[in-house]
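The residues making up each chain are set out below.
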Amino acid sequence: MRADKLTVMDEEFRSLTDRLGEEAGEPEAFSRLLVTEDDEELARVLVERERPLWAREIAAFRLGCRGDRRAFEALVLLLNHRDPERCVSAAHALRLLNDPRTPRAAAALATNSLRTAYALHPVRLLTALRAPESVPALVSTLHRLLVPGEPHWRVALACVEGLGSLGDGRARPVLEAALPHPRLGQAAAVALRRLPAG
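Because the structure is a prediction, the values reported are computed rather than measured.

Criteria and cut-off values
- Residues numbered from 1 in each chain as written.
- Predicted model: local features only at pLDDT ≥ 70, side-chain atom pairs only at ≥ 80, totals over all residues.
- Heavy atoms only, no water.
- Helix = DSSP H or I, 4+ residues; strand = E, 2+ residues; numbered from the N terminus.
- Rg over C-alpha atoms; globule rule 2.2 N^0.38 Å.
- Buried < 20%, exposed > 50% of the residue type's maximum accessible area, 1.4 Å probe, protein only.
- Polar contact = N/O pair within 3.5 Å; in protein donor to acceptor, adjacent residues only side chain to side chain.
- Contact = heavy atoms within 4.5 Å.
- Salt bridge = Lys/Arg side-chain N within 4 Å of Asp/Glu carboxyl O.
- Axes fitted to C-alpha atoms, helices over the stretch in contact; angles between N-to-C directions.
- Left-handed = near helix turned anticlockwise from the far one by under 90°.
- Nonpolar A, V, L, I, M, F, W, Y, C, P; charged D, E, K, R; others polar.

(A) Structural context of the overall build of the protein. Regarding its fold elements, the protein presents twelve helices and zero strands. The linear arrangement of helices and strands in the protein, starting from the amino end, is α-α-α-α-α-α-α-α-α-α-α-α. Relative to the globule expectation of 16 Å for 198 residues, the C-alpha radius of gyration of the protein, 18 Å, shows essentially globular dimensions. Overall, the protein is about 55 × 35 × 25 Å in size when its C-alpha atoms are taken along their principal axes. The 198 residues of the protein split such that 46% are buried.

(B) Main features of the side chain of Asn-80. Mapping Asn-80 onto the fold places it in the loop between α5 (72–79) and α6 (84–97). Among the polar contacts listed, one links the side chain of Asn-80 to the backbone oxygen of Tyr-118, at a separation of 3.2 Å. Setting aside its immediate chain neighbours within four residues, Asn-80 contacts Cys-87, Leu-109, Arg-115, Tyr-118 and Pro-122.

(C) Layout of the pattern of salt bridges. Going through the model one piece at a time under the given rule, you end up with 15 salt bridges. Notably, a salt bridge pairs Asp-99 with Arg-69, separated by 3.8 Å at the nearest N-O pair. Placement of Asp-99 in the loop between α6 and α7 (102–111) and of Arg-69 in the loop between α4 (53–65) and α5 is noted, with a sequence separation of 30 residues between them. We classify Asp-99 as buried; its relative accessible area is 5%.

(D) Just the side chain of Ser-89, in detail. Following the sequence through the fold, Ser-89 ends up in helix α6. Within the structure, the side chain of Ser-89 is placed 3.1 Å from the side chain of Arg-19, a separation counted as a polar contact. Residues contacting Ser-89, with those up to four places away along its chain left out, are Leu-16, Arg-19, Glu-57 and Phe-61.

(E) A look at the packing of helix α8 (residues 120–129) against helix α9 (residues 134–145). One can describe the packing of α8 onto α9 by two numbers: an axis separation of 9 Å at closest approach and a directional angle of 145 degrees. Between α8 and α9 lies a crossing whose hand is left-handed. In this structure, α8 contributes Val-123, Leu-126 and Thr-127 to the contact, and α9 contributes Ser-134, Ala-137 and Leu-138. When the residues that make up the contact of α8 with α9 are grouped by side-chain class, the tally is four nonpolar, two polar and no charged.

Quick look at the structure:
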């Protein structure tokens, strides 16, 4: 693994441990999960009953960063959690996991109208993945969020910025529709300039 990736992973791991250190009420168990090199021990945490969320999150994060696909389902659940910091950690681990199911799962979360309040990080993950599912999911989500009075403008903005980053001409109609939106117009104009001419 390249040194820059290791640095980012270390930063994400430190953030995770700092956040969960206060949440965990079992210092010995907490420390054990942070240092164990036994993937089987971590995997058991994901399936054992009555394990607290903080323990499952540590186990899923560590396994995901190691490329162990047993972490996939737990990480997807955390990606759509009400706590944004859990979503950030899950998205990071999912990128490193490189499971072929991840783009489809992120697209399902991003386009779920009942979970729009928690769709910001699935949208950002789709942009980072640059998968075949990314553009259709972002276009669909943004189109739905352009209705008057829609409160989830931050999710819409992430879609706009993501579509600009992806630079796919299929995004042009929905980005043009976003131009009049007071919170999205400037970003939409920037995104449109990044699309291929046509």
